[in-house]
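Results of the structural survey
One-letter residues, chain by chain:
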Amino acid sequence: MARLSAFAETSLNSQGFEQLDMNAKARIALPLRFTPAVGTALIVIGLVLQSSIWLGSMALVALSGALLPDAMIIDLVYNFSVRHLFHAPPLPSTPKPRRFSYLLSTVLLSGSAVSFYYGLSVLGLVFGGLVAAGGTILTTTLWCLGSWYYRMIFRHAAEPSGIYARIRRADENGRGSSSLTTTHGTRHKVTS
């Protein structure tokens, strides 16, 4: 069984996969790179071609990931064909933080497509380049900028159900310990 680094585990937790055990996370760590790798390659092709139609189509692909947690187009390609070639596990349902990231990508790719349509090439390259950069980072490190934003914006809804929930319940019941500090997950919490 492949081992998962602490950084990779934290990255997967921030994307919403904290409910999976360590073995499951280790098994899906590599397959979870497939979608951003393919998506980034297709976006780069659209940017090179400066094609509003291509990038608009990629915006629809990203939108499918935001709206359909079990049916993102690229995930379906992986689950129904690619994974069988490598005897790999299927991709799990897409959690809310990762879906939020797809929503951000949809907005930026739409902006890129519209920019190219109206001849604003530099703006189109900036919008599309941001998504390509984020996809490259996600593919290579498993760290997801969109999930990080989700955790910042929807802080309480995005808290992992584990240690933070126990700390928060202890705080609410007035049983906070003296100088309890944890960096588990993606937040740093100090209670007194």
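Not measured: the values here are computed from a predicted model. (Residues numbered from 1 in each chain as written. Predicted model: local features only at pLDDT ≥ 70, side-chain atom pairs only at ≥ 80, totals over all residues. Heavy atoms only, no water.)

1. Regarding the overall build of the protein chain
If you tally the helices and strands in the protein chain, you get 9 helices and 2 strands. Element order for the protein chain, N to C, with α for helix and β for strand: α-α-α-α-α-α-α-α-α-β-β. Expressed as a percentage of its 192 residues, the buried residues of the protein chain come to 42%. For the protein chain, the exposed surface amounts to about 10500 Å²; the carbon and sulfur share of it is 66%. (Helix = DSSP H or I, 4+ residues; strand = E, 2+ residues; numbered from the N terminus. Buried < 20%, exposed > 50% of the residue type's maximum accessible area, 1.4 Å probe, protein only. Areas by Shrake-Rupley, 256 points an atom, 1.4 Å probe, with all protein chains shown as cover.)

2. Side note on the environment of Trp143
Structurally, Trp143 can be placed in the loop between α7 (121-141) and α8 (145-153). Setting aside its immediate chain neighbours within four residues, Trp143 contacts Phe7, Ser11, Ile137, Leu138 and Trp148. (Contact = heavy atoms within 4.5 Å.)

3. Things to note about unusual backbone geometry
With a phi close to 50 degrees, Gln50 is a non-glycine residue in the positive phi region. As for its position among the elements, Gln50 is in the loop between α3 (34-49) and α4 (52-67). The residue His87 is not glycine, and still its phi comes out positive at about 55 degrees. Inspection of the secondary structure puts His87 in the loop between α5 (73-86) and α6 (96-117). Taking relative accessible area as the criterion, His87 reaches 74% and is therefore assigned exposed.

4. Focus on the packing of aromatic side chains
Inspection of the entire model under this criterion finds 7 aromatic pairs. Both rings, one in Phe100 and one in Phe154, keep their centres 5.8 Å apart while their planes meet at 85 degrees; by these two values the pair is edge-to-face. Here Phe100, found in helix α6, pairs with Phe154, found in the loop between α8 and α9 (163-172); they are 54 residues apart in sequence, far enough to count as distant. With a centroid separation of 5.0 Å and 45 degrees between ring planes, the pair formed by Tyr150 and Phe154 is classed as tilted. Clustering of aromatic rings is evident, with ring pairs tying together Phe100, Tyr150 and Phe154. (Phe/Tyr/Trp six-rings, centres within 6.5 Å; stacked < 30°, edge-to-face > 60°.)

5. Things to note about the packing of α6 against α8
The geometry of a pair of packed helices is captured by two quantities: the angle between their axes and the separation between those axes. Put simply, α6 and α8 touch, their axes get as near as 7 Å, and they point 110 degrees apart. Judged by the inter-axis angle, α6 sits roughly perpendicular to α8. As for the relative orientation of α6 and α8, their crossing is right-handed in sense. On α8, the residues touching Lys96, Pro97, Arg98, Phe100, Ser101 and Leu104 of α6 are Gly146, Ser147, Tyr149, Tyr150, Arg151 and Ile153. (Axes fitted to C-alpha atoms, helices over the stretch in contact; angles between N-to-C directions. Parallel < 35°, antiparallel > 145°, perpendicular 65-115°, else oblique. Left-handed = near helix turned anticlockwise from the far one by under 90°.)

6. A look at the nonpolar core
Within the largest apolar cluster, 16 residues are counted, with the highest numbers of intra-cluster contacts made by Ile43, Leu47, Leu55, Met58, Val61, Met72 and Leu109. A total of 6 residues in this core trace back to one element, the largest contributor, which is α4. Residue contacts for Ile43: discarding those within four places in its chain leaves Leu55, Met58, Leu109, Gly128, Val131 and Ala132. Core analysis: the second largest hydrophobic core is formed by 13 residues, Leu12, Ile28, Val82 and Leu91 among them. (Core = buried A, V, L, I, M, F, W, Y, C linked by side-chain atoms within 4.5 Å.)

7. Focus on the packing of α3 against α4
The geometry of α3 relative to α4 is characterised by a closest axis approach of 8 Å and an angle of 155 degrees between their N-to-C directions. In terms of their interaxial angle, α3 and α4 are classed as roughly antiparallel. Regarding α3 and α4, the two cross each other, and that crossing is left-handed. Between α3 and α4, the contacting residues are Gly39, Leu42, Ile43, Ile45, Gly46, Leu47 and Leu49 on the first element and Trp54, Leu55 and Met58 on the second. Its residues assigned to classes, the contact of α3 with α4 shows 8 nonpolar, 2 polar and no charged. (Nonpolar A, V, L, I, M, F, W, Y, C, P; charged D, E, K, R; others polar.)

Remember that the coordinates give geometry; whether it matters functionally is a separate question.
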